[in-house]
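Here are the chains, one letter per residue:
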Amino acid sequence: MPPRAPVARHVGARAASTVLAVALAAAALPAATATAGSAATAGSAAAAVPVAHPADLVDPMIGTSNGGNTYPGATLPYGMVAWSPTSTTGDQTSTGAANGYEYGVTRMRGLSLTHVNGAGCNPGAAGDVPIMPFVGEVTSSPSADTKDAVYASGFSHDDERAVPGRYTVGLDSGATADLAVTRRAGVADFGFPAGEAANLLFRVSNSLNGSEDAEIHIDRAHRKVTGSVLTGAFCGRRANGGANNRKSYYRLHFTASFDRDFSSTGTWKDGTLAPGTTDNSGGEGYATGADRAGRGSGGWVGFDTSTDRDVRMRVGISYVSLAGAEANLRQEVAPRADVADVARAGRAAWDRELSAVRVGGGSAARRTTFYTALYHALLQPNLISDTDGRYPGMDGAAHRIGRGQGAQYSNFSGWDQYRAQIQLLALLKPDVAGDFAQSLYNFARQNGGIWDRWVHVNGATHVMTGDPTAATLATFYAMGVRNFDYQGAYASLKRQATVPVADGLSDAGCPGQCTGQRPNLAQYMASGYAAQDVCHCWGGAAETLEDAVADAALGQWAELLGHGEDAAYFAERGRWWRNVFNPEAGDGAGTTGYIQARNLDGSWVTPFQPGGDRGFAQGTSATYTWMVPQDVGGLAEAMGGRETAARRLDAFFHTADGSWSVRGGDALRYDPTNEPGIHAPWLYNALGQPWKTQETVREIVDTVYGTGPRGLPGNDDLGTMSAWYVFSALGLYPQKPGSASLLLGTPLFPRAVIDRPRGADITVDAPAADAAHPYIASVKVDGRDRDRSWVGGELLRHGGRLDFRLGESANTGWAVGEAGLPE
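Residues numbered from 1 in each chain as written. Predicted model: local features only at pLDDT ≥ 70, side-chain atom pairs only at ≥ 80, totals over all residues. Heavy atoms only, no water.

Here we come to the environment of V339. Within the fold, V339 resides in helix α3 (residues 339-354). On the accessibility criterion, V339 (0% relative accessible area) is buried. Separated by 279 residues in sequence, V339 and P60 place their C-alpha atoms 18 Å apart. The contacts of V339, once residues within four sequence positions are left out, are R166, D178, L179, A180, V187, A188 and D189. (Helix = DSSP H or I, 4+ residues; strand = E, 2+ residues; numbered from the N terminus. Buried < 20%, exposed > 50% of the residue type's maximum accessible area, 1.4 Å probe, protein only. Contact = heavy atoms within 4.5 Å.)

Here is the structure:
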């Protein structure tokens, strides 16, 4: 085949200039093929000049393959709008991957206004209101095009560009789209080929999970299209409990205005096309395949391209009302602003946000991997409040943010995020963290005092297990976040952890989306563990471990608040992991001592194998046995001592012949995509062998993270995996939930400066950082030698300087003294 022409070939003069600008900007991105560790020697100390414009180093395509489930479209930090493709593999009720985009699928049916970063549960969440530039006459209902054979188009990655805040694509049909966004609105230039019919389809009902209802209204006199979609259903297709979530919980409103008249209009519902009409409505339902295909509604507007082939559209959205969408658009996009103007402001916004960490040195691949990870980590939480402060509550009513709260945020993937992403948010953006904490508290008060573990927009989805909000807010407070009602929030979370409610005895949604947030709490408190046979949860062993982590964090929070009795009580509950540790459980090859589920009568659930998942949630005993970050010393003691525990941890990262096993796929070993085990490489610090943390983390960042679409190891899970990389690249990692302490590892960059917005900066200097120096020889904190592999909360409170002297071989004598091990 002849080489493809550049994307600008299909557009008129106005759109061509903006598309070309994007193409040139994107051309500055590094080649998307390297691993994060390649050419690391290029970043010696001599080149440790801080990055001036980190947004230029971000590649939104990272993670769009290999199950990363990121999206490449236009969005701003914590933005409400995330304008990105909805792809298709020939099924109108599905996409190529969760969240609408898979790099290997080069056919799309629209550009949707909302997305969620890295969530699983294919087809993901949101993907609301796909807008499709269509070349040709609309002669049948797009909802009847169940195979996406007519009203979709292929494209080439050669004709696609993604940079922070802007997305551009040229379709095989000859149409082009150039999109740029503010936080709640956006501007698009659509280009069409000369001499052919030009239409924009608004597939209002075709959200990723389907919809209960949708509506469209076309106002020819005012060149405007408005409408809404009533939807939700995150994880509604899940086999293990998904029926619980096949329901609506939010309505997205949109308004789109144009710079030119419509030459034609029309709408459709299900299989019926209605040319010339301007209003229609109808949802698709939440089924899949043939049970949903062919249903839905939408509309289109056509344009005369005989003299002008370009169409400019301005769009605003709101989760409250059409008036809110109009106000958001009016306040965030100037009347004459074009795509280039909005994109320029968006790039500046991302530069400001990403400059929270200024790294110097390192290879081009490492810098791209790092800043893209930081970009992904700071995509969430997401705004759901309008410019006037109104937002949809969890009770279904409209509310307004209270005094002192900057915005209402949502999209809380608690089971994932509490392990790394929320710590990064607290470290870099404490004001956003505080508003987020207040947002979750607002939702809980609107939800009868129940803090849901996975919140999407204003919906309680119940996804996963445990009580991650307790761990999250306790961590925020420990890390210095104060701009939320922490006394009220603590009292509410304490009540959730100690007062049983009726939902705790429900099996609705189980196992994957159990309604009870502290399932069968009375039994849990009486037995000291979640009994597998009566727990009303996903898995008794996993529930016990998750609740123990949450309770330990609540205990630390209580201590900081001066509630001594509560602190002692929750600290003891934080040790209940011991009640599901069976010292006799073995692998049949001589290793004994594993986490194992128990029944109400105290008996162990059998048969047992370390690679089995009975009693666990998306994981095995081999992984969950290490999920005791709040009591690593106690876990080591239960295993027979730190030396024994370290040998067992060695086997978690290596096969029997000593080869690394850190890519996943082995039920007995480390999986970089599985949250219960992602902290495990850092456990060596507490076991007195920190050099093994250094070499293990380096192996992971060099082999499972990198540039290009496959640059994430799996689901980004709302920034969790990206946050893990950011921390690891800085040579720091959260020690445990509910704490401000950070574990020390080997920095990837010769220099990094962490901007603390309400305090002194944290500087990390490691002049020898490169591929040949993966080990710590020594560390100084504020000029003083430190023989400990961790730093306490004073670093966050007061800022400071960490100086790392790195070596080519392990220093097995640094930070190994038992008295100085992490608590």
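The mixed open sheet is built from six strands, whose spatial order is β18-β30-β31-β35-β32-β33. Two strands lie at the open edges of the sheet, namely β18 (357-360) and β33 (784-786), each paired on one side alone. Neighbour-to-neighbour, the strand axes of this sheet turn through a mean angle of 20°, independent of strand direction. Two elements, strand β31 (residues 762-765) and strand β35 (residues 800-807), share four bridges in a ladder whose sense is parallel. Within β35, the residue paired with T763 across the bridge is R801. (Pairing = 2+ DSSP bridges. Axes fitted to C-alpha atoms, helices over the stretch in contact; angles between N-to-C directions.)

Residues W83, F190, F202, F258, F370 and W557 are the most contacted members of the largest nonpolar core, which totals 214 residues. Sort the elements by how many residues they give to this core and helix α11 (residues 540-561) lands first, with eleven residues. A180, V187, A337 and V342 belong to the second-largest nonpolar core, a separate cluster that totals nine residues. (Core = buried A, V, L, I, M, F, W, Y, C linked by side-chain atoms within 4.5 Å.)

Attention shifts here to the side chain of H462. In this fold, H462 is placed in the loop between β25 (459-460) and α8 (468-478). Those residues in contact with H462, other than ones at most four positions away along the chain, are N244, N245, D452, R453, W454, G512, Q513, C514, T515 and Q517.

This part is about the sheet that holds strand β34 (residues 790-791). Two strands in a sheet stick together by hydrogen bonds in their backbones, pointing the same way (parallel) or opposite ways (antiparallel). Taken together, three strands build an open sheet; the order of strands is β28-β29-β34 and the sheet is antiparallel. Where the open sheet ends on each side, the last strands, each with one partner, are β28 (732-734) and β34. Inspection of the sheet shows β28 paired to strand β29 (residues 742-744) by three bridges, in the antiparallel sense. Counterpart to P734 in the pairing with β29 is L742. Against the sheet, helix α17 (residues 720-730) engages β28 and β29, with an angle of about 135° to β28.

Right, let's talk about unusual backbone geometry for a bit. For the peptide bond that leads from Q380 to P381, omega is 10°, which places it in the cis range. In this structure, P381 sits in the loop between α4 (364-377) and β19 (382-383). P607 follows T606 through a cis peptide bond whose omega is 0°. Residue placement: P607 occurs in the loop between β27 (592-595) and α13 (621-624). Notably, N66 is not glycine yet its phi reads approximately 60°, a positive angle. Mapped onto the elements, N66 comes out in the loop between α1 (13-27) and β1 (74-75). A relative accessible area of 27% means that N66 is categorised as partly exposed. Phi is positive for N520, which is not a glycine, with a value near 40°. As for its position among the elements, N520 is in the loop between α9 (486-498) and α10 (521-527). Take N520: its relative accessible area is 11%, and that puts it in the buried class.

Turning our eyes to something else, we now look at the pattern of salt bridges. Counting across every chain of the model gives 31 salt bridges. Close ionic contact of D551 with R518 constitutes a salt bridge, the shortest N to O distance being 2.9 Å. Taken together, the residues D551 in helix α11 and R518 in the loop between α9 and α10 connect sequence positions 33 residues apart. Each of the two residues, D551 as well as R518, counts as buried. Here R801 makes a salt bridge to D765, at a shortest N to O gap of 2.3 Å. (Salt bridge = Lys/Arg side-chain N within 4 Å of Asp/Glu carboxyl O.)

Right, let's talk about the state of the cysteines for a bit. Linking two cysteines covalently via their sulfur atoms produces the bond known as a disulfide. Tallied over the full model, the rule gives three disulfides. Shown here is the disulfide that connects C510 with C514, its sulfur atoms set 2.1 Å apart. Handedness of the C510-C514 disulfide follows from its S-S torsion of about 135°: it is right-handed. The partly exposed category is assigned to C510, whose relative accessible area is 22%. Taking the relative accessible area as the measure of exposure, C514 reaches 3% and is therefore buried. (Disulfide = S-S within 2.5 Å.)

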